[in-house]
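Residue-level structural notes
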Amino acid sequence: MSEHIVEVTDSTFQNEVINAKTPVIVDFFATWCGPCRMFAPIFHEVAENYLGKIKFVKANVDDNQNASQEYGVRSIPTIKLFKEGNVAATNTGALTKQQLIDFLDAHA
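For the structure given in this document, a descriptive report is provided here. (Residues numbered from 1 in each chain as written. Predicted model: local features only at pLDDT ≥ 70, side-chain atom pairs only at ≥ 80, totals over all residues. Heavy atoms only, no water.)

What follows deals with the pattern of salt bridges. By the definition in use, this model includes three salt bridges. Of the charged contacts in the structure, one is a salt bridge between D27 and K58, with a shortest N-O distance of 2.6 Å. Here K58 lies in strand β3 (residues 55-60) and D27 lies in strand β2 (residues 24-29), a separation of 31 residues in the sequence. Judged on exposure class, the residue D27 and its partner K58 are both buried. With a shortest N-O distance of 2.7 Å, K97 and E45 are connected by a salt bridge. With K97 in helix α4 (residues 97-107) and E45 in helix α2 (residues 34-49), this residue pair connects regions lying 52 residues apart in the sequence. (Salt bridge = Lys/Arg side-chain N within 4 Å of Asp/Glu carboxyl O. Helix = DSSP H or I, 4+ residues; strand = E, 2+ residues; numbered from the N terminus. Buried < 20%, exposed > 50% of the residue type's maximum accessible area, 1.4 Å probe, protein only.)

Here's what the structure looks like:
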C-alpha cells in the first residue's frame, strides 16, 4: 500500500470517507481479482498527482462487506467518488491512467 492511500474497513469507513473534508475516491477491490490487480498500480500512481486535493482510499470487498453492500458494489473493481459524504460519481471496471484522471477531473 502506498503512503498516499488509506485502506479502510467497515469500522473506519464512516470516519475516513463519509466525514472527510476533501473529496474521496474509493477503490472497491479484491486481492483475487485480476482486473483489480491491473488497476492497483494506476490508482497508486494517480494518487500522487492529487495530494491534498482528493483522498485515495481502498476497500477490500471480501473483508468489508457492509460498505460494499451499502454502496451497491456488484462487480469489481468499482471506484466511487464521495463528496461531502455522498456518492458523486461511480465507475465499474479497470481504467487506464488517462481514464482515471479524466474521471477525477470531471467529477472532483
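Alright, that's what it looks like, and here's the rest.
In this section: the packing of aromatic side chains. Taken as a whole, this structure holds seven aromatic pairs when the rule is applied. Between F13 and F28, the aromatic rings sit 6.3 Å apart at their centres with planes inclined by 35°, giving tilted as the arrangement. With F13 in helix α1 (residues 13-18) and F28 in strand β2, this pair connects stretches of sequence that are 15 residues apart. Over the ring of F29 we find K58, and its NZ or CZ is 4.4 Å from the ring centre. (Phe/Tyr/Trp six-rings, centres within 6.5 Å; stacked < 30°, edge-to-face > 60°. Lys NZ or Arg CZ within 6 Å of the ring centre and 35° of its normal.)

Geometrically, the link from I76 to P77 is a cis peptide bond, its omega value of 0° lying close to zero. Following the sequence through the fold, P77 ends up in the loop between α3 (65-70) and β4 (78-83). Notably, E84 is not glycine yet its phi reads approximately 55°, a positive angle. Inspection of the secondary structure puts E84 in the loop between β4 and β5 (86-92).

What follows is about the pairing of β4. Among the six residues of β4, five are classified as buried, and the element is accordingly described as predominantly covered. Two elements, β2 and β4, share five bridges in a ladder whose sense is antiparallel. The residue of β4 that forms the bridge with D27 is I79. Here β4 pairs with β5 via six bridges, running antiparallel. Among the inter-strand pairings, L81 is bridged to a residue of β5, identified as A89. Counting the residues that bridge the hairpin from β4 to β5 gives two residues, and of these E84 lies at a positive phi of roughly 55°. (Pairing = 2+ DSSP bridges.)

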